[in-house]
Amino acid sequence: FLSACDLMNQGILALVSSIGCTSAGSLQSLADAMHIPHLFIQRSAAGTPRSGCGLIRSNRNDDYTLSVRPPVYLNDVILRVVTEYAWQKFIIFYDNDYDIRGIQEFLDKVSQQGMDVALQKVENNINKMITGLFATMRIEELNRYRDTLRRAILIMNPSTAKSFITEVVETNLVAFDCHWIIINEEINDMDVQELVRRSIGRLTIIRQTFPVPQNISQRCFRGNHRISSSLCDPKDPFSQSMEISNLYIYDTVLLLANAFHKKLEDRKWHSMASLTCIRKNSKPWQGGRSMLETIKKGGVNGLTGELEFAENGGNPNVHFEILGTNYGEDLGRGIRKLGCWNPITGLNGSLTDRKLENNMRGVVLRVVTVLEEPFVMVSENVLGKPKKYQGFSIDVLEALATYLGFKYEIYVAPDHKYGSPQDDGSWNGLIGELVFKRADIGISALTITPDRENVVDFTTRYMDYSVGVLLRKAEKTVDMFACLAPFDLSLWACIAGTVLLVGLLVYLLNWLNPPRLQMGSMTSTTLYNSMWFVYGSFVQQG
């Protein structure tokens with residue numbers, strides 16, 4: 001703020017700022033008061049996704065701030081992508097620098113649609129955070145947490161996202177059926193490749209992109225201006241490492257240069273404003289409105305594409321690129337462009353999974369199983385011929401074989417067990433057959449446990465099976481002795497015996513030594529009155 005005041009004392013034509021939202025409000029007030037065109041470029045901390053600044057727009061004639069960066073459309077993009085994927089339950093991770101209020105609109109809309117959304121902040125020390133989860137959660141809670149992580153959205157800077165993905169993969173918190181979405185405007189090609197290399201399952205990356213001229217010879221020319229080859233080449237390492245805010249700064253300076261040039265050509269040049277923001281009687285710059293209109297009417301095709309301003313003083317041009325991988329078991333899978341999004345046309349492209357290709361024809365797989373009705377049962381057992389099997393799991397296997405074109409041979413695990421770790425570290429049962437490569441696939445009513453996930457890969461579960469208990473519904477009858485239900489019969493007998501015994505003792509004491517004062521409200525010390533006195537005291541009544 002003080003440096004801006006010093007600049008105004010020396011002379012100023014326009015103010016360009018690349019700062020956060022907090023400081024932007026102060027500069028906006030200064031620019032509006034002094035009639036200085038202010039081109040604001042929102043900058044987030046350390047590559048963290050932006051949240052909306054919400055600058056207060058005053059009367060149009062008194063508003064001198066132009067927003068160079070387009071509005072934050074993260075809410076719209078995430079909602080469209082999540083709806084396209086038909087997610088109903090997922091978790092959102094965000095880092096310390098992100099203002100979670102930035103996606104409040106998204107949270108409200110998914111809540112109205114009945115989606116189950118959880119939020120969790122990722123601490124700076126990710127290893128300590130993950131270790132704390134294993135230390136505080138029980139096995140059942142950890143399994144539920146793993147299930148929640150199957151669908152996740154990461155709103156964080158690329159470096160934090162890389163570290164977080166590495167930790168959850170190495171600690172086996174996610175499986176190959178997981179699908180994560182990473183959204184951030186500040187993700188370059190190197191970040192994309194590194195994120196894909198570290199992840200498993202399916203990964204979708206949403207980032208801001210800028211149009212690149214198809215003609216290579218024209219990429220470095222913007223009108224009469226020639227751009228350095230290190231900036232205009234999207235594959236150049238220097239260009240890859242530049243933050244988006246810096247690209248907008250470059251285009252803003254280019255826009256101002258064109259505006260000043262136009263002022264000189266039209267011979268409508270105004271002397272620079274020499275103002276002070278210390279004195280109360282300082283008058284605003286007379287040429288501020290004219291300079292602002294020239295900047296708003298101008299436009300430039302720069303590193304960020306078309307930079308122009310709408311009537312509300314914002315830049316309407318923004319494009320998001322949606323990249324993604326298919327589900328896979330290997331690290332470092334390839335990534336392709338799935339579609340793009342902009343505020344005018346919405347989503348262009350399809351985010352649906354690629355169908356599996358029939359590339360397993362001629363392959364014969366050995367399938368190990370354990371008999372368990374109604375999943376795997378022997379349907380035919382003829383001497384001298386292979387056994388034939390039927391059941392729910394066999395139907396699933398047969399459908400896969402028909403679609404993918406493979407053939408299979410089924411045999412039962414030699415020890416008829418599902419599999420558990422032995423003292424020497426080996427496995428028995430169905431799991432042991434897979435570990436020792438004697439079988440290619442295991443299929444049965446097999447429970448997914450963390451220990452088994454460490455040695456074999458499971459598909460997404462296609463059925464939850466549990467044991468239920470049936471009880472006969474109790475008949476509703478009217479019982480006149482229901483008031484005695486709170487206590488057992490023996491306890492009621494003890495209470496009655498206590499009343500009789502204490503009442504008899506009170507009568508005997510009063511008979512042997514008559515009291516000088518009245519006993520309760522009774523003056524008589526008969527056995528009847530003694531019993532009533534004890535009973536009234538017991539039930540705390542007069």
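Residues numbered from 1 in each chain as written. Predicted model: local features only at pLDDT ≥ 70, side-chain atom pairs only at ≥ 80, totals over all residues. Heavy atoms only, no water.

- If you look the chain up in an unreviewed UniProt entry, it shows as GRID2 protein from Aegotheles bennettii.

## Examining unusual backbone geometry
Right, on to step 1. In this chain, Glu373 is followed by Pro374 through a cis amide linkage whose omega measures -5 degrees.
Right, on to step 2. As for its placement among the helices and strands, Pro374 is situated in the loop between β16 (364-369) and β17 (377-380).
Right, on to step 3. Even without being glycine, His416 reaches a positive phi, approximately 55 degrees.
Right, on to step 4. Among the structural elements, His416 can be located in the loop between β19 (407-412) and α14 (429-435).
Right, on to step 5. The exposed category is assigned to His416, whose relative accessible area is 55%. (Helix = DSSP H or I, 4+ residues; strand = E, 2+ residues; numbered from the N terminus. Buried < 20%, exposed > 50% of the residue type's maximum accessible area, 1.4 Å probe, protein only.)

## Comments concerning the pattern of salt bridges
Right, on to step 1. This model, assessed by the stated rule, comprises 16 salt bridges.
Right, on to step 2. Between Arg207 and Asp189 there is a salt bridge, and its shortest N-O distance comes to 2.8 Å. Placement of the pair is Arg207 in strand β8 (residues 202-208) and Asp189 in helix α8 (residues 189-198), with a sequence separation of 18 residues.
Right, on to step 3. Here Arg197 ties to Glu194 by a salt bridge, and the two come within 2.6 Å at their closest N and O atoms. (Salt bridge = Lys/Arg side-chain N within 4 Å of Asp/Glu carboxyl O.)

## Here we look at a nonpolar patch on the surface
Right, on to step 1. On the surface, a nonpolar cluster with roughly 710 Å² of combined accessible area is contributed by Leu501, Leu504, Leu505, Leu508, Trp511, Leu512 and Leu527.
Right, on to step 2. The biggest single contributor to the nonpolar patch is helix α16 (residues 489-512), with six residues.
Right, on to step 3. Tracing the sequence through the fold places Trp511 in helix α16.
Right, on to step 4. Exposure remark for Trp511: the relative accessible area of 58% places this residue in the exposed category. (Patch = residues over 30% accessible without salt bridge, like charges linked within 9 Å, V, L, I, M, F, W, Y side chains within 5 Å. Areas by Shrake-Rupley, 256 points an atom, 1.4 Å probe, with all protein chains shown as cover.)

## Brief notes about the packing of aromatic side chains
Right, on to step 1. Considering all chains together, one arrives at 13 aromatic pairs under this definition.
Right, on to step 2. With 5.7 Å between their ring centres and 55 degrees between their planes, Tyr73 and Trp341 make a pair best called tilted. Here Trp341 lies in strand β14 (residues 336-342) and Tyr73 lies in the loop between β3 (65-67) and α3 (74-85), a separation of 268 residues in the sequence. Note on accessibility: Tyr73 and Trp341 belong to one class, buried.
Right, on to step 3. Between Phe375 and Phe392 the ring centres are 6.4 Å apart and the planes differ by 90 degrees, which places this aromatic pair in the edge-to-face class. (Phe/Tyr/Trp six-rings, centres within 6.5 Å; stacked < 30°, edge-to-face > 60°.)

## What about helix α2 (residues 21-34)?
Right, on to step 1. In this model α2 runs 20 Å from its N-terminal to its C-terminal C-alpha over 14 residues, within 8% of the 20 Å that 1.5 Å per residue would give.
Right, on to step 2. Residues of α2 that are buried include every one of Ala24, Leu27, Gln28, Leu30, Ala31, Asp32 and Met34, and no others.
Right, on to step 3. Just beyond α2, the residue with positive phi is His35, at close to 60 degrees. (Expected span 1.5 Å × (residues − 1).)

## A short note on the packing of helix α11 (residues 244-265) against helix α12 (residues 288-297)
Right, on to step 1. Closest axis-to-axis distance for the α11/α12 pair is 9 Å, and the angle between their directions is 120 degrees. Taken together, α11 and α12 sit at an angle that is classed as oblique. Between α11 and α12 lies a crossing whose hand is right-handed. The residues of α12 that touch α11, namely those facing Leu255, Leu256, Ala259, Phe260, Lys262 and Lys263, are Ser290, Met291, Thr294 and Ile295.
Right, on to step 2. Per-class residue counts for the contact of α11 with α12 are six nonpolar, two polar and two charged. (Axes fitted to C-alpha atoms, helices over the stretch in contact; angles between N-to-C directions. Parallel < 35°, antiparallel > 145°, perpendicular 65-115°, else oblique. Left-handed = near helix turned anticlockwise from the far one by under 90°. Contact = heavy atoms within 4.5 Å. Nonpolar A, V, L, I, M, F, W, Y, C, P; charged D, E, K, R; others polar.)

## A few points about helix α5 (residues 126-136)
Right, on to step 1. Within α5, the full set of buried residues consists of Ile126, Met129, Ile130 and Leu133. Projected down its long axis, α5 shows its buried positions confined to an angular sector of 95 degrees, all on one face. Residues of α5 that are exposed and point over 90 degrees away from its buried face: Lys128, Ala135 and Thr136.
Right, on to step 2. Among the structural elements, β5 (116-122), α6 (139-148) and α7 (158-170) are those in contact with the buried residues of α5. (Arc of directions from axis to C-beta.)

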